[in-house]
Structure formats: structure tokens, C-alpha cells
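Letter by letter, the chains look like this.
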Number of protein chains: 2
Amino acid sequence: MVNEAALDAFYKTVDQNQDDYVERLREAVAIPSISSMVDHRDDVVRMSHWLTSLFEKLGIKYEVRDIGSHVMDNVDLKLPPIILGTYGNDPNKKTILVYGHYDVQPALLEDGWSSKPFDMIESPKGQLIGRGASDDKGPIIGWLNAIEAHQNAEIDFPVNLKICFEGMEENGSEGLEKLIANEADKYFKGVDAVCISDNYWLGVTKPCLTYGLRGICAYKVTVCGPGKDLHSGVFGGTVHEPMTDLFHLFSKLVTPNGDILIPGINDDVAPLTDEENQAYQSLEFSLSELHSAIESKTNIYDNEIETLQHRWRYPSLSIHGIEGAFSSSGFKTVLPAKVSGKFSIRIVPNMEPKRVDELVEKFLKDEFAKLGSKNTLSTECLHSGKAWLANPNHWNYVAASKAVERIFKCKPDLTREGGSIPVTLTFQDALNKNVLLLPMGRGDDGAHSINEKLDRSNYIQGIKLFGAYLHEIASCKAE
Amino acid sequence: MVNEAALDAFYKTVDQNQDDYVERLREAVAIPSISSMVDHRDDVVRMSHWLTSLFEKLGIKYEVRDIGSHVMDNVDLKLPPIILGTYGNDPNKKTILVYGHYDVQPALLEDGWSSKPFDMIESPKGQLIGRGASDDKGPIIGWLNAIEAHQNAEIDFPVNLKICFEGMEENGSEGLEKLIANEADKYFKGVDAVCISDNYWLGVTKPCLTYGLRGICAYKVTVCGPGKDLHSGVFGGTVHEPMTDLFHLFSKLVTPNGDILIPGINDDVAPLTDEENQAYQSLEFSLSELHSAIESKTNIYDNEIETLQHRWRYPSLSIHGIEGAFSSSGFKTVLPAKVSGKFSIRIVPNMEPKRVDELVEKFLKDEFAKLGSKNTLSTECLHSGKAWLANPNHWNYVAASKAVERIFKCKPDLTREGGSIPVTLTFQDALNKNVLLLPMGRGDDGAHSINEKLDRSNYIQGIKLFGAYLHEIASCKAE
Ligand SMILES: [Zn+2]
Ligand SMILES: [Zn+2]
Ligand SMILES: [Zn+2]
Ligand SMILES: [Zn+2]
């Protein structure tokens, strides 16, 4: 049973201290911890110091893990550290691991921001506008605020917390996967479940819990012909052109309606169950939100449910471009000698990258043979990642759902997403524990865009949500 | 009747002075008159002065025509002048216009030249190696050497010569077309035929006369969808992707064997006549030359005749690239919002660019409609130029053919080319006179490549050829 009095005291403390929490976020936003820019690497490290100072203040034990260096823009740079934290060590409590990142995307006033991106302001509508406010400084500081509020309210913290904050998420999370794998039986030993707050509500009014992400298989398909680029006037019509072959080949991958034509590719797609289909009926989402996101009305499906199902639980295939062809403005009489088309397939349960690779390679080879071209074909898998799907009936989700009902007076949407968040699968595979994505911000926060914002209400209610979630975990029976 | 004694005296003088002609070419090559580089514009102008000095020495009347300025690499530059010359004004003689260019392609030792590109050397095999030796300084100086040899041999020059030398050929011939059109009834009044020496033998042993060039129609086909580039994870599978549409569309343009699939496009292609087909039987050309030119064996046709016919007298379609898609190395999860595919059709008699435009636009529109995409399509003709075909039975060709037989003891190949030399059509249209392409160099001269060369024998025999051609013109009956 949840200790209702304790929770009420926690809520009250959060409300009373909300201006302090906003100031704390402002301080963090002021540190331009952009991980993808050489000149800001020191700021990323500074941000790690800012966090460990707060850990010390709150009595969170921590280790700052040096994960080596990497080369970026031809500069050898030390990677920002991964901060591991431990708050509480009571064998009678569950242990929850929370992950977040303290680095941010680049931002310049000249990009079109309405205010300086690293001087957080609060708009009259209560939007806290600044780079990193929502992605991911608001959420990571949210966890720390929740700890502090328990201390201030003098109530017992309901779980043992393990913390993993990295500073390279916006730049490939270099070094993270290895550290997680190494620490699975060490620092992360005893973790019962994982919670990540680094995504968004589907819309702008209703909270959600996210239990699935699509994976990806990315390919580079190279057609080679002449030994060098040729003049199309002199040789056009007399040699097999790699571009012609590539267009024929890629036209056979997917229809303009998005149906993938590679035989067998859809065979492993998990069938849509009644229960799952039912869950789509109540989601907060409208086509007008899609239209404003894509800035056009070129959606394939004329209804919300099919649109979301094709974003979340069906595979898709996109052609990204061609390397080696003429790509500038204007015109050039070139017959490109060697061209590499790039495409990727977003994969879903129960598709396996290895099987997808086989099907793709066989299909391309067979179709290329049909062309009767003397050019040569090669296919390379550039990158792949499995889809992620958690059990949304696990106590981790049940606790989060109850917490949402407490704070927002409604059941959360159960959502999936179309893109990948690789760390999700990394934790699930390394720890073999349930992973929950519990977003703090809204669907229109503009995480990687100009005028990134976090609504004050999402921030403050989010802190309460995190606390309530941990209290619900403490009181749930199942393991 | 040709004055055989005069011609013999001319040949003898050319042979006696051949080392001076080589020195003269060396002097010209030493001026790096690269028209496409800002820093070398002064050298192009210097080259024009070098030429007019020679005109003065030889008593050629000339006018240096200022054709204004242009902007290149953001610099406002005066265009190199067009040099117009007149040698002789006898109403009883025919008047022949010769065209050439005194600018050259860029060249750097670092590009892989075996010797300094602007310090002409003579190899043990008698190759004069240097930038511009063959394209086009050898030929234009060839005409002047022929004049000088007549003076030295004290024989009458057989025709009136009009000269048109430009300094922007390697950079778009800016200003030339307008000048020719303006001067058709003025400076070029009374011209009976045109001769251009700015192309090459088909192979390396047999001279040719060139009487046809393909034209071109170039297109930019734009497919627009979302208002901005999207993340393929979030939106893949739910929106119509411009890249998918473009690949479907372009796959319908041409087969991997080079057959154009646009309905009606082949209807206006002039049928191959028996006489024309017969002329292909004796051409000096082998597939092994093609293989070494394309550095592969990816030719469509397994015989020389079809290969040349598809290079010269049938249309071809080449896809050059895509603007707006991902074109770098590596991978990017982008769903491009607006992509423009570029392709061009090499056109032949009797195809008309306007009709080709209509067929292309209708076809793309019809095929796009079949895709059922909500994206939008637009087609733009970027550039077009008609094919050029001269009458190879005209006295201008007959004279050149007889001259070849005199110098080389064989009938020349009658060739066409696959690319365009726009000035050819410009002269033909403006003057309404027969135009002949009479090459001096060999097919392996490497005009725009490293180690450009002109064989000493081609240079010296070429000077004789030019003279003999003018004598044959003087003696031919027909007008
Ligand atoms: Zn994030
Ligand atoms: Zn982010
Ligand atoms: Zn030239
Ligand atoms: Zn040239």
C-alpha cells in the first residue's frame, strides 16, 4: 500500500519549491553542453561537474567513469564521463535504474530562436524555453529534485535508485554500450527494473508510457561500371549506366504507398492482436498534428490508427540518397561510373536483422540479374539495430500507469515510437530487466529544433510523477 | 585544276620550316590561357596579343572585339576578346571562315602530368606534350603556319580567309553566339563555307571528316512532399516519400540496355539509310579502343558498328544525379522533402527539342499520376540544343576529302560525334553555309586530360592538309 500521507507531503514540497527547481534547470541550460561540437566539449565536462556537485549536496554516492577518447573533426578528444550514482541500499526495497543524458543538441540564436537558446526564459504561457530544457536536462534534474523533495519533506525514499547519466547521447553514445555490458553484474547488480525519461508524449495533453521502438537495417548498394566518370555525350547509349541500373533496382523495393516489395520481408512481422488494436482506439492523436509536423498533407493513410500503426508496429523502407552521382544544383553531362544508393528498413518485432539482410541481399541480387547489365552489384549493411518491445503489463508499467492516474487523473496512452533509442535495448539485453520509457515533456517540445521548451507544468508534475512512480513500485506485489 | 607545282612548293616549305612551327607552338603553350580560372584571365588576354602580333607579321587584317564582362567565382571579369581576321579579298576566290579557340583547360603537374604542362616537350615518339598543344593551339596556329608557308614559298593563297578565334571555348563560349549572329551580314558577309578544326580522329591512324553531332535536352524533375526533411524513423511508412516516387518515375525512362521508353521519342529519328550504313563498314574503330576509353568492358553492343551508331545517330538517355537527397558518404536517417532528379537525352536528326520537351513532360505527368502519390511533380527543361548534321557531299567536304587523300594517301573516315560543339550549329544557322569539322589531332590526344599531346606528324601533316584543302576548294566547280 502506498503511504498516501507521505506522497501528499512530497507533492506539497514539490509545489512549494517549484521556483527553485526552475532556477536549477535555468542554471543547467546555461551550460552549453553540446557534445557534437569540439569547442563545447569543455562545457559538457563542466555540466558533469555541475551534476556531481548536486549529487554531493543530495548525498548521492557517485563514480565518474572515464570512458576514453575519440576523434571528432580530426581532433582527439576525451569523451565526457558517464556518471554512475547510487541512492539507498536497502535490501528490502526494489532497485530502480534511471538513465538520462546531460549533453544537448547545438543551438544558435541565428537558427531562428526567439530568445537566446542558453538563457532559459519562461513564456507567459509557462513554457521554459531553452536548449536542453526538455531534452534531457529537465528529466534528469527531475529525478534529483524528487530525491531532494523527499529529504525536504522528511519522508522515506521508497526505492534504491541507481543512476546512469551520459554526456554523449546526442553524438552516438560512444562508450555507453560497453560500460553497460561491463557493469551489468557489477555496478548495476541488483537492478529490478529500468526507467528512461528521454522521449515525449504523443500529443500535448495526455501522458503516455512507451513500450516499443522500431529497429533499423541500413544498406549501401553499389553499382560499378566504367573505371571513371564518362561524358554522357560520348558514351551515352553505348555503355550500361550504373545510374540506370540503380533506379531500376530501387524502384522495386517499395511502392509509393509504402508497401515493401522484398519477398519474405513482411513474414516475420508480429500479427496485430485484438488487444493491441484496441489500445490504439483511445490514443490522443489527430491527423492535423501529423500535418503540422510534416508541413504538408502527403500522409498515406487517411486515419490516425493506421498512421500510428505504420509508424510504430509495421516496417517501412526509405531511400535516403545516392553517393557518387551528380548532386549539386545546375547540370553536368556526367555518366557516373560508380554509384551507391542508400536505403534503410525500419524493422519491428519479430524481424531479425540477420534475416532481413539475407532477404535484402538475395532480392537485390536476383533483380539485378534480371536487368541484364554488365555492371557489378554489391550490397553492404551499414548499420542495424533490433526493434525493442517491453511487456506493458509488467509491474514497472503498472506502477507508472497508477502514478500517471494519481498526477494527471487519466490513464496514460500506451505508445510505441517509429525511431530507435538504442540504449533501451542495451539495458534490456544487458540486465534482462523490464525497461520503461516514461516521458516528462510534450509532443511539441521541439527537442532538436529551435525554441525547444518544457512546460513548467510538465516539469513540476513530472517531478511528482517520478516520485509517485517510485512509491507505486514500492507498494506493488509482483516481481 | 589544282596547281600541283604550287602545292608541292608549299609542302616543301612546310617540311623545311617544321622546327619553327614546333617552336611557335611551344611559345603558345607556354602562355597558360586557362579561361575558367580567375587568376589566369590575364594570360588568356596575353594569348590574344601573341596571336595578333603574328597576324601583323603575316599581314592578316584583324579586329579585336571586346565582348563585355561576366561574373566568375564572384569576380567581375572582362571577357577575353574575339579576334576576327581577314586574309585576302579577291572577288574571284571563294571565302572560307575558319574558327578555333586560344584558351585551354586547366592543368597542374600535380594532376599527374609526366612533364610540366605549360613547358611543351617532344617525346622520343614525336609527341608534342603540353596543355593546349592539340586543343586548340596546334590547329589555330596550323592555319597561320599555312599562310606563312604560302608567303615563304611565294605562291598565291588560293582562297580568301576569314578567321574567328575566341578565348572562352573551354568556359561556355560566352558572347560568341551573339557576335556571330550580329556579324553574319557584316564581317562574315560573303563566306562560302566554314571549317572548324577542334575535334579528333576517331582512332589513331586514319584521318576523318566529321559531319554530325548529337544535340541535347536536359531536364530537372522535382518531386515535392513534406515542407521539410523528416526523420525516417518517425515518419517512414506514413507519408508519401519523394525519393520513392522519383525512383519509380526514373526507372520508366530507359532500360538497362539503353532503350528509351518514352512513347514517341524514337518516332522522329531519321532512318538509317543503306548509304549511311555502308559508310560505317570501313571506319577505323575497335571495341578494344572503347574498352580502354571506358576502363571496363561494360559496353552494350558487342560490335563496333552498332556501338558507333548508338553514339552518333541514335538518341540516348542518361540519369546524372539527384539534388536534395543525401549524397555524402556514411548514412543519414533522412526522408528528403524535395528532390530533383536530373537526366538528359542526346537527340539526333530529326528530333526537335520542343517536341522532345512535350513528350517528356507528358510521359512524366502520366506516369506520376499512376503512382497515386500525394506529392507534387514539376519538370523543367534546363538546357537544349539541336543536333547538327552537315551534307558530307558538299564541295566543302569533297575538297577536304581530296586533301586527305593527297596528304595521307587514304580516304578519310566520315564520322559523327555523340556530344555537342554548339558553335557548329551557330555558324550553320547564322550563315546558312556548309560547316566542316576537319580535325588535326588523333583520338588519343587527351584534350582535357593529363599529358595532352599532338603528334609532330599530325601537326606538320595537318598544316599541309589545311593548305591542300584550300587549294582543292579553289579548284572545285560547284557552289
Ligand atoms: Zn534525448
Ligand atoms: Zn535528443
Ligand atoms: Zn577545343
Ligand atoms: Zn576543349
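Residues numbered from 1 in each chain as written. Chains lettered and ligands numbered in written order. Predicted model: local features only at pLDDT ≥ 70, side-chain atom pairs only at ≥ 80, totals over all residues. Heavy atoms only, no water.

## Re the sheet that holds strand 20 (residues 453–455) of chain B
Residues and elements named next belong to chain B. To keep it simple, the criterion reads: Strands qualify as paired when DSSP identifies two bridges or more between them. Per the convention used, a helix needs a DSSP run of H or I reaching at least four residues, while a strand needs a run of E reaching at least two, with both numbered from the N terminus.
With respect to topology, three strands assemble into an open sheet ordered 6-7-20, the strand pairing being antiparallel. The open sheet has two edge strands with one neighbour each: strand 6 (121–122) and strand 20. For strand 7 (residues 127–129) and strand 20, the ladder comprises three bridges, and the chain directions are antiparallel. Each bridged residue has a counterpart across the sheet, and for Ile129 the counterpart in strand 20 is Lys453.

## What to know about the coordination of the zinc ion (ligand 2)
All names here are of chain A. Applied cut-off: Donor atoms are limited to N, O and S found within 2.8 Å of the metal ion, a distance that becomes 3.2 Å for Na, K and Ca. With water left out, some sites might look partial. In short, tetrahedral needs four donors with all angles between 85 and 135 degrees, square planar needs four and octahedral six donors with opposite donors over 155 degrees apart and all other angles between 65 and 115, and whatever is left is irregular. Under the scheme applied here, a residue whose accessible area is under 20% of the maximum for its type counts as buried, over 50% as exposed, and between as partly exposed, the area being computed with a 1.4 Å probe on protein chains only.
Around the zinc ion (ligand 2), the protein supplies Asp135 (OD), Glu170 (OE), Glu170 (OE) and His448 (NE2) as donor atoms, at distances of 2.0 to 2.7 Å. Each of the four donor atoms bound to the zinc ion (ligand 2) contributes to angles spanning 52 to 134°, and the resulting shape is irregular. Read in sequence order, the donor residues coordinating the zinc ion (ligand 2) give the pattern D-x34-E-x277-H. Look at Asp135 and you get buried, because its relative accessible area is 4%.

## Description of the coordination of the zinc ion (ligand 3)
All names here are of chain B. Coordination of the zinc ion (ligand 3) by the protein comes from His101 (NE2), Asp135 (OD), Asp198 (OD) and Asp198 (OD), over a distance range of 2.0 to 2.7 Å. Counting residues between consecutive donors of the zinc ion (ligand 3) along the chain gives the motif H-x33-D-x62-D. Taken as a pair, the zinc ion (ligand 3) and the zinc ion (ligand 4) lie 3.2 Å from each other and share Asp135 as a ligand. Taken together, the positions of His101 in strand 5 (residues 95–101) and Asp135 in helix 4 (residues 133–152) put the pair 34 residues apart, joining distant regions of the chain. For the pair shown, His101 and Asp135 are each scored as buried.

## Observations regarding the pattern of salt bridges
Keep this limit in mind: Think of a salt bridge as a Lys or Arg side-chain nitrogen and an Asp or Glu carboxyl oxygen that are within 4 Å of each other.
Using the criterion set out here, one finds 56 salt bridges over all chains in the structure. Note that Arg65 of chain A and Glu183 of chain A form a salt bridge whose closest N and O atoms lie 2.5 Å from each other. Of the two residues, Arg65 of chain A is situated in strand 1 (residues 61–65) and Glu183 of chain A in helix 5 (residues 176–183); the sequence distance between them amounts to 118 residues. We note that Arg65 of chain A, like Glu183 of chain A, is buried. The salt bridge partner of Asp455 of chain B is Lys453 of chain B, with a shortest N-O separation of 2.4 Å. Lys453 of chain B carries the same exposure label as Asp455 of chain B, and that label is buried. Among the charged side chains, a network of salt bridges with common partners joins Arg442, Asp444, Asp445, Lys453 and Asp455 of chain A.

## Some details on the sheet that holds strand 15 (residues 338–347) of chain B
All names here are of chain B. Applied cut-off: Interaxial angle, 0 to 180 degrees, is taken between N-to-C directions of lines fitted to C-alpha atoms, where a helix line uses only the stretch in contact. Any two residues whose heavy atoms approach within 4.5 Å at even a single point are treated as in contact.
Strand order across the open sheet formed by four strands is 13-15-11-16, with antiparallel pairing between neighbours. With one partner strand each, in any of the chains shown, strand 13 (316–323) and strand 16 (376–385) form the two edges of the open sheet. Across this sheet, the average inter-strand angle for adjacent strands is 20°, counted without regard to direction. For strand 11 (residues 215–224) and strand 15, the ladder comprises 10 bridges, and the chain directions are antiparallel. By the bridge assignment, Ile216 is partnered in strand 15 with Arg346. Sheet strands touched by helix 11 (residues 353–371): strand 11, strand 15 and strand 16. Its angle to strand 16, the strand with the most contacts, is close to 160°.

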